[in-house]
Amino acid sequence: RAARAVAAAMSVFVTRRIPAEGLRVLSEASGCRVQQWDSEEPVPRAELLAGVAGKRGLLCLLSDRIDREVLDAAGPDLKVISTLSVGFDHLALDEIKKRGIRVGYTPDVLTDATAELTVALLLSACRRLPEAAEQVKSGGWTTWKPLWMCGYGLSDSTVGIIGLGRIGQAVARRLKPFGVRKFLYTGSGPKPDSAAEFGAEFVPLTRLAEESDFVVVTCALTPATQGMCNKDFFGRMKKTSVFVNTSRGSVVNQEDLYNALAHGQIAAAGLDVTTPEPLPTDHPLLSLKNC
C-alpha cells in the first residue's frame, strides 16, 4: 500500500510523444508513474484536462495552453510543470505562481539550431534561393542573364536584431564573418556586455527599422512585443530590406507583413514562426514568391 501511495504521489502526465530517453528518466525516478498522450499530434483539450487530473507533475509542449482551467482540473497535488520549449508564453505564469507550482523549461537547448536556421532563412530570402530553385524546376532558367535573380548581400550591410538574448547573440556571431558593417539592436534595455562582442549599438525600434538592411527578430513574446512588427514598422524599412522572424508568430501583424511584401515596401521575408502554426495552405503569405 505504501508503494502504491508513493507511485500515485509521483504520477506525471506527458502531453506528447517525446524521446524515449526522457520517458526513461521519468520512469526511473523513484518509481514515478507516467501517463502519456502517445501521439505526434497535440493532445486534445478534453484529454489534457482528463490526463492532468490528480497528477503531481505535468510535462507539456509549447502547443499546450496551460491556463486556469487546466490547473483547476489538475487539482492541488500538481507541484511541477515542465515545458519542452525555450518559450513559456503558453503558461499562465501568474496563476501558476499563485498556486506555488514550480516551472521548468529548456532555455539554451535550441540556441545553436535556431541561430543556424535564422541565418539559413536570411540567406535564402536575400539570395532568393526558393524562387530560383523553382525556376530551375519549372523551366524558367533559360540562359545567363546579368540582372536575373539578383538579391541582396550581407557584405557592408547593417543588421538590426530585435532581442539580443542568447539566440540574438548567436545569430550575430554567425553573421559577423559575412562582412556585416554594423549591428543595431533593441529590446527592453541596453546590454553593453553582450553587445561589445559585435560593436552593436542599442537604438529605438523605429531607428532599427529605418537603418537596417536586414531585420532579425529573436525576442520573447510579451505584451510589449505582441504585434510589434506592424504597418508602421514595415513602412519605415527600406524597400531593399529583408525581414526574418524566428521568435514567435504573434510578434508580427501578418496582414501588414503580407501587404508590405506584396506592394514592394520590403524586399523579402523568412519566417520560422507564424500564427497559426501551421499556416492554412490557402494563406496569402504562401502565395508570395518573396516570402
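Residues numbered from 1 in each chain as written. Predicted model: local features only at pLDDT ≥ 70, side-chain atom pairs only at ≥ 80, totals over all residues. Heavy atoms only, no water.

An unreviewed UniProt entry annotates the chain as Glyoxylate reductase/hydroxypyruvate reductase originating from Erythrocercus mccallii.

**Q** Summarise the overall build of the chain; cite the residues concerned and give the values.
**A** Scanning the chain from N- to C-terminus turns up 12 helices and 11 strands. Over its C-alpha atoms, taken along the principal directions, the chain stretches across nearly 80 × 50 × 30 Å. In the chain, which comprises 291 residues, the share counted as buried stands at 42%. The long-range fraction of contacts in the chain, counting pairs at least 24 apart against all pairs at least 6 apart in sequence, stands at 57%. When the accessible surface of the chain is split by element, carbon and sulfur atoms take 55% of a total near 15500 Å². If you average the places of the 34 positive and of the 32 negative side-chain charges in the chain, the two averages end up 3 Å apart. (Helix = DSSP H or I, 4+ residues; strand = E, 2+ residues; numbered from the N terminus. Buried < 20%, exposed > 50% of the residue type's maximum accessible area, 1.4 Å probe, protein only. Contact = heavy atoms within 4.5 Å. Areas by Shrake-Rupley, 256 points an atom, 1.4 Å probe, with all protein chains shown as cover. Lys, Arg positive; Asp, Glu negative; His and termini not counted. Charge placed at Lys NZ, Arg CZ, Asp CG, Glu CD.)

**Q** How would you summarise the nonpolar core if you had to cite specific residues and measurements?
**A** Grouped together as the largest cluster of nonpolar side chains are 26 residues, with contacts concentrated most on Leu 122, Val 159, Leu 175 and Phe 183. The element that contributes the greatest number of residues to this core is helix α6 (residues 111-126), accounting for 6 residues. When sequence neighbours within four positions are dropped, the list of residues in contact with Leu 122 reads Leu 154, Leu 175, Phe 214, Val 216 and Val 244. Counting residues in each nonpolar core, the second largest holds 25 residues, with Ile 162, Met 237, Phe 243 and Leu 285 among its members. (Core = buried A, V, L, I, M, F, W, Y, C linked by side-chain atoms within 4.5 Å.)

**Q** So what's going on with the confidence of the model for the chain? Which residues, and what values?
**A** For residues with low pLDDT, the predicted coordinates do not support detailed interpretation. With 97% of its residues at a pLDDT of 70 or more, the chain shows a mean pLDDT of 94. Considering only residues more than four positions removed or in separate chains, one finds that residues 2-7, a stretch of pLDDT under 50, has 3 contacts. (pLDDT = per-residue confidence, 0-100.)

**Q** Can you explain the sheet that holds strand β3 (residues 57-60)? Please cite residues and give values.
**A** Taken in spatial order, the 5 strands of this open sheet run β2-β1-β3-β4-β5, and their pairing is parallel. The open sheet has two edge strands with one neighbour each: β2 (34-36) and β5 (102-104). With direction set aside, neighbouring strand axes in the sheet form an average angle of 15°. Both strand β1 (residues 12-14) and β2 contribute to a ladder of 3 bridges, which runs parallel. Directly across from Val 12, in β2, lies its bridge partner Val 34. Here helix α2 (residues 20-27) sits on the sheet in contact with β1, β2 and β3, set at roughly 150° to β2. Running over the sheet, helix α3 (residues 45-52) touches β1, β2 and β3 and is turned about 160° from β1. (Pairing = 2+ DSSP bridges. Axes fitted to C-alpha atoms, helices over the stretch in contact; angles between N-to-C directions.)

**Q** Tell me about a nonpolar patch on the surface, and name the residues and values.
**A** On the surface, a cluster of nonpolar side chains totalling about 320 Å² of accessible area is made up of Phe 88, Leu 93, Val 103 and Tyr 105. In this fold, Phe 88 is placed in the loop between β4 (80-83) and α5 (93-98). Phe 88 gets classed as partly exposed once you look at its relative accessible area, which sits at 36%. (Patch = residues over 30% accessible without salt bridge, like charges linked within 9 Å, V, L, I, M, F, W, Y side chains within 5 Å. Salt bridge = Lys/Arg side-chain N within 4 Å of Asp/Glu carboxyl O.)

**Q** I'd like a description of the packing of aromatic side chains, backed by residues and values.
**A** By the definition in use, this model includes 6 aromatic pairs. Ring centres of Phe 233 and Phe 243 lie 6.3 Å apart, and the angle between their planes is 70°; this geometry places the pair in the edge-to-face category. Here Phe 233 is found in helix α11 (residues 231-236), whereas its partner Phe 243 is found in strand β10 (residues 242-245), with 10 residues between them in sequence. When sorted by exposure, Phe 233 lands in the same class as Phe 243, which is buried. Here a set of aromatic residues connected by ring pairs shows up, and it is made of Phe 233, Phe 234 and Phe 243. A cation over a ring is seen here: Lys 145 above Trp 148, with NZ or CZ 5.0 Å from the ring centre. (Phe/Tyr/Trp six-rings, centres within 6.5 Å; stacked < 30°, edge-to-face > 60°. Lys NZ or Arg CZ within 6 Å of the ring centre and 35° of its normal.)

**Q** Now, about the side chain of His 283: what can you tell me, with residues and values included?
**A** Here His 283 lies in the segment after β11 (268-271). His 283 gets classed as buried once you look at its relative accessible area, which sits at 18%. Here Leu 285 takes part through its backbone nitrogen, which lies 3.1 Å from a polar atom of the side chain of His 283. (Polar contact = N/O pair within 3.5 Å; in protein donor to acceptor, adjacent residues only side chain to side chain.)

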